[in-house]
Amino acid sequence: MIHKNHTPAGANFTRLILETFRLNGALIAAGDQLVADLGLTSARWQVLGALHDSPATVAEIARRMGLTRQNVQRIANCLDKDGFVITSANPAHLRAKLYSLTPHARTVMEEVSHRQEEWANRIADGIDSTQFNEAVSLMTVLTKRLEHDLPRRRNYTDVV
C-alpha cells in the first residue's frame with residue numbers, strides 16, 4: 001500500500017515489495033506443482049538444494065537460504081522421516097547434526113533439476129537477458145541494504 005508520505009523512491013520500492021510478494025506466492029505454487037509427485041514441496045526442494053554440494057547443519061541451511069532455523073528443522077525432520085536425508089555426527093559441534101542427501105534424494109533431485117530446466121526455459125522464453133541482469137542486480141542491492149538495515153541478531157554463541 002502506497003501512502004502520500006512516500007518519496008518517489010519509497011513508493012517504487014513499495015510497489016516492488018508488493019509485486020515480489022505476488023511473485024513469491026506464484027513461485028511457491030509453481031514449485032509445489034512441479035515436484036508434488038516426487039514427494040516434495042517447494043520448501044522441501046529448497047532445503048534439499050542447500051544440501052546438494054555438501055552436508056550442513058540446520059543453522060547453516062537456514063543461513064544459506066534466508067529461512068528460520070525452526071522452519072528448516074521442521075522440514076529436515078520430515079525429509080529424514082521420508083528417506084530424503086540422513087544425519088551424522090558433526091565433529092565441529094556435538095549437538096548440531098549434519099544432514100546430507102540420501103541416494104534416493106540425489107536421484108529425485110536429478111529429476112527435479114531436469115524439470116526445473118524445462119520450466120525455466122519455458123517461462124523465460126522471449127525475455128531479454130538484460131532485463132534479467134538488471135532485475136538480479138537490483139535485487140542484490142536491495143538484499144544487501146535490507147540485511148545491513150536489520151538489527152544484529154543474537155546467536156546462542158553470543159551469550160555464552
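Heads up: the structure comes first, above all this text.
Quick caveat, the model's predicted, so the values are computed rather than measured.

**Details of the overall build of the protein**
When helices and strands are counted, the protein shows seven helices and two strands. When its helices and strands are written in sequence order, the protein yields α-α-α-α-β-β-α-α-α. With the C-alpha coordinates of the protein rotated into their principal frame, the extents come out at 55 × 45 × 25 Å. Taking all 160 residues of the protein together, the buried fraction comes to 24%. Partitioning the contacts of the protein with sequence separation of at least 6, the portion at a separation of at least 24 is 48%. For the protein, the exposed area adds up to about 11,900 Å²; of that, 57% sits on carbon and sulfur atoms. If the 19 positive side-chain charges of the protein are averaged to one point and the 17 negative ones to another, these points end up 11 Å apart.

**A short note on the packing of helix H1 (residues 8-35) against helix H5 (residues 103-124)**
Put simply, H1 and H5 touch, their axes get as near as 10 Å, and they point 130° apart. Taken together, the axes of H1 and H5 lie oblique to each other. Crossing of H1 against H5: the hand is right-handed. Touching Leu-27, Ala-30, Leu-34 and Val-35 of H1 are Val-112, Arg-115, Gln-116 and Trp-119, all from H5. Split into classes, the residues belonging to the contact of H1 with H5 amount to six nonpolar, one polar and one charged.

**Here we look at the pattern of salt bridges**
Counted by the stated rule, this structure contains five salt bridges. Residues Asp-37 and Arg-115 are paired through a salt bridge, measuring 2.6 Å at the closest nitrogen-oxygen approach. With Asp-37 in the loop between H1 and helix H2 (42-50) and Arg-115 in helix H5, the pair connects residues that are 78 residues apart, well separated along the chain. Taking relative accessible area as the criterion, Asp-37 reaches 57% and is therefore assigned exposed. With a shortest N-O distance of 2.8 Å, Glu-111 and Arg-115 are connected by a salt bridge.

**Focus: H2**
Considered for burial, the residues of H2 that qualify are Ser-42, Arg-44, Trp-45, Val-47, Leu-48 and Ala-50. Close packing links the buried residues of H2 with H1, helix H3 (58-65), helix H4 (69-81), strand E1 (85-88), strand E2 (98-101) and H5.

**Structural notes on the packing of H2 against H3**
Each pair of packed helices can be described by the angle between their axes along with the distance between the axes. Here H2 crosses H3 at 105°, and the two axes come no closer than 10 Å. Classified by the angle between their axes, H2 and H3 sit roughly perpendicular to one another. Residues Gln-46, Val-47 and Ala-50 of H2 lie in contact with H3, whose contacting residues are Ile-61, Arg-64 and Met-65. Of the residues contributing to the contact of H2 with H3, the split by class is four nonpolar, one polar and one charged.

What counts, and where the lines are drawn
Residues numbered from 1 in each chain as written. Predicted model: local features only at pLDDT ≥ 70, side-chain atom pairs only at ≥ 80, totals over all residues. Heavy atoms only, no water. Helix = DSSP H or I, 4+ residues; strand = E, 2+ residues; numbered from the N terminus. Buried < 20%, exposed > 50% of the residue type's maximum accessible area, 1.4 Å probe, protein only. Contact = heavy atoms within 4.5 Å. Areas by Shrake-Rupley, 256 points an atom, 1.4 Å probe, with all protein chains shown as cover. Lys, Arg positive; Asp, Glu negative; His and termini not counted. Charge placed at Lys NZ, Arg CZ, Asp CG, Glu CD. Axes fitted to C-alpha atoms, helices over the stretch in contact; angles between N-to-C directions. Parallel < 35°, antiparallel > 145°, perpendicular 65-115°, else oblique. Left-handed = near helix turned anticlockwise from the far one by under 90°. Nonpolar A, V, L, I, M, F, W, Y, C, P; charged D, E, K, R; others polar. Salt bridge = Lys/Arg side-chain N within 4 Å of Asp/Glu carboxyl O.

The quantities given are spatial measurements derived from coordinates; they are silent on function.
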